[in-house]
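# Report on the structure
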Amino acid sequence: MTVASPVQAINPTNHNNGSAPKVTQNNKADARFKPACSGLNALAGKKADSEKKSLFDAVTKRIDLSPVIGTELHGIQLSQLTDQQKEDLARLVSERGVVFFRDQDITLGQQQELGKSWGTLHVHPIGRTTDPKDDAQIFNTTKESKYHAGEGWHTDISFEEVPSAYAILKLLEVPPVGGDTLWVSTYGAYDKLSPAFRDTIEHLTALHNAEQFLAAKGDPKGEVFLRREDVKQYNEHPVVRTHPTTGWKVLYVNEGFTKQIKGYTRAESDALLNFLTKHIALSDDLKVRFRWEKNSVAIWDNRATQHLALWDYFPHTRHAQRVVVLGERPYYDPKSKSQLEAGGAAYQAPPLWFRDLDGGNDVYSY
């Protein structure tokens, strides 16, 4: 598999020395139409069977948790997948957004190997002394913790020039109750926008960074540290991107890392981003909520979802290990279709614009 690698990971000393943040543009002509990947057809899931027969024949039960997002598979161990099953699983994750497994014996090393079968593993700019390896993260939230990973709706590492494709998270210790994670479909979030509004935002790009990570330099205990200071550097991505595996359109802005719409004033940008991020966060019909058990695993597609981890279990402990897989530089193909247009959703709540477009007709169904 040949994919572009993040400039920041290759050259972590490329700082701006306090000057105005540099925008790393997806250069040449119009970057939105030029994926920086020499082999998009070699990406994970491209060799999958359309019926995912190798995967579904091996499971004892499949449960679709909502019409548009979230599937739970039983009776299969991630540590024992064949190459074809890995391809079929990657495709399923890209279509369903997130796939869940319980009672998994997969080790961290095997978790990394599964991730590497789909792409390069990400080295997070924030390191922890507890991390066993640079390309794996350990999250251990206890009664002593001052914060926890996963606050607020976000997609992982959209601040990178080449953001994440997949993430694999295993829970090693769970609280007696609480600590759930929620995911929301950004395929569906795009589909819920009116056609005229979609046309307005499809030509836009947005600036992403992770300047908030600079706070890691102030950890008094030295348990958290910053590997790179270029997190304050902006990377530019399309507001609507095309998923390279499914070909579906995705609304690609998030409250965590999207800082400004390119070419808009701060006030204009804030108004639009506030609408889009609230639109995603309040779309309850596009969400799935997972109740973790010890040794549960979730695999999600960061290109097609956002997620939020709840911290409602103080003073109990939640202990997890994660690997993040890099994908391709985000791009937009104007010929791509939405999930609904492509027939990729079982069904979906009718978008509000059906009833309030042009004043609406106040017709409601109960």
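Whatever comes next refers back to the structure up there.
Bear in mind the structure is a predicted one, so any value in this text is a computation, not a measurement. (Residues numbered from 1 in each chain as written. Predicted model: local features only at pLDDT ≥ 70, side-chain atom pairs only at ≥ 80, totals over all residues. Heavy atoms only, no water.)

Turning to unusual backbone geometry, a few remarks are in order. Here the phi dihedral of K52 falls at roughly 55°; this positive angle occurs in a residue that is not glycine. Relative to the elements of secondary structure, K52 occurs in the loop between β1 (23-24) and α2 (53-56). Of note, the phi angle at D103 is positive, near 55°, even though the residue is not glycine. Checked against the element boundaries, D103 lands in the loop between β4 (98-101) and α4 (108-116). The class for D103 is exposed, based on a relative accessible area of 55%. (Helix = DSSP H or I, 4+ residues; strand = E, 2+ residues; numbered from the N terminus. Buried < 20%, exposed > 50% of the residue type's maximum accessible area, 1.4 Å probe, protein only.)

A separate point is the sheet that holds strand β15 (residues 287-290). Spatial ordering of the open sheet is given by β15-β8-β17, a layout of 3 strands whose pairing is antiparallel. In this open sheet, the two strands that pair with only one neighbour each are β15 and β17 (305-309). Taken over all neighbouring pairs, the strand axes of this sheet differ in orientation by 20° on average, direction set aside. Where strand β8 (residues 181-185) meets β17, 5 bridges bridge the pair, whose relative direction is antiparallel. Pairing of L182 across the sheet is with L308, part of β17. (Pairing = 2+ DSSP bridges. Axes fitted to C-alpha atoms, helices over the stretch in contact; angles between N-to-C directions.)

Under the definition given, this model contains 22 salt bridges. K116 is the partner of E113 in a salt bridge, and the nearest nitrogen-oxygen pair spans 3.8 Å. On the criterion of helical spacing, the pair formed by E113 and K116 is a turn pair, its members being 3 residues apart in helix α4. Given the relative accessible area of 47%, E113 is considered partly exposed. Salt-bridge contacts for K287 lead to D284; the nearest nitrogen and oxygen are separated by 2.8 Å. Overall, K287 belongs to the buried group, its relative accessible area being 18%. For D284, a relative accessible area of 56% puts it in the exposed group. (Salt bridge = Lys/Arg side-chain N within 4 Å of Asp/Glu carboxyl O.)

As a further point, take helix α3 (residues 83-96). Taking 1.5 Å of rise per residue, 14 residues should cover 20 Å, and α3 covers 20 Å from first to last C-alpha, within 8% of that figure. Buried within α3 we find Q85, K86, E87, D88, L89, A90, L92, V93, S94, E95 and R96. In the stretch just after α3, G97 is the one whose phi turns positive, near 85°. (Expected span 1.5 Å × (residues − 1).)

So, on to the nonpolar core. The biggest cluster of nonpolar side chains holds 50 residues, and the ones touching the most others in it are V98, W183, I201, F213, V239 and L251. Here the element with the most residues in this core is helix α7 (residues 266-281); it accounts for 5 residues. In this view, I201 contacts L193, V239, V240, L251 and L272; residues no more than four positions away in its chain are not counted. In terms of nonpolar packing, the next biggest core, distinct from the first, is built from 26 residues, L73, W118, A136 and V325 among them. (Core = buried A, V, L, I, M, F, W, Y, C linked by side-chain atoms within 4.5 Å. Contact = heavy atoms within 4.5 Å.)

The next subject is the environment of K259. Of note, K259 is situated in strand β14 (residues 258-261). For K259, a relative accessible area of 16% corresponds to the buried category. Leaving out residues up to four positions away in the same chain, K259 has contacts with L207, N209, A210, E211, Q212, Y234, R266, S269 and L273.

The mixed open sheet is built from 7 strands, whose spatial order is β2-β3-β4-β16-β7-β18-β6. The two strands at the open ends of the sheet, each matched to only one other strand, are β2 (61-64) and β6 (137-141). Between one strand axis and the next, the sheet turns through 20° on average, direction left out of account. Pairing geometry for strand β7 (residues 164-173) and strand β16 (residues 297-301), over 5 bridges, is antiparallel. Paired with Y166 across the strands is D301, a residue of β16. Packed on one face of the sheet, α3 meets β2, β3 (71-74), β4, β7 and β16 and runs near 120° to β4. Against the sheet, α4 touches β7, β16 and β18 (318-326), its axis set at about 25° to β18.

What follows is about α7. Here α7 contains 16 residues, and its C-alpha end-to-end distance of 22 Å stays within 8% of the 22 Å for a straight helix at 1.5 Å per residue. Every buried residue belonging to α7 is among S269, L272, L273, L276, T277, H279, I280 and A281, and all of these are buried.

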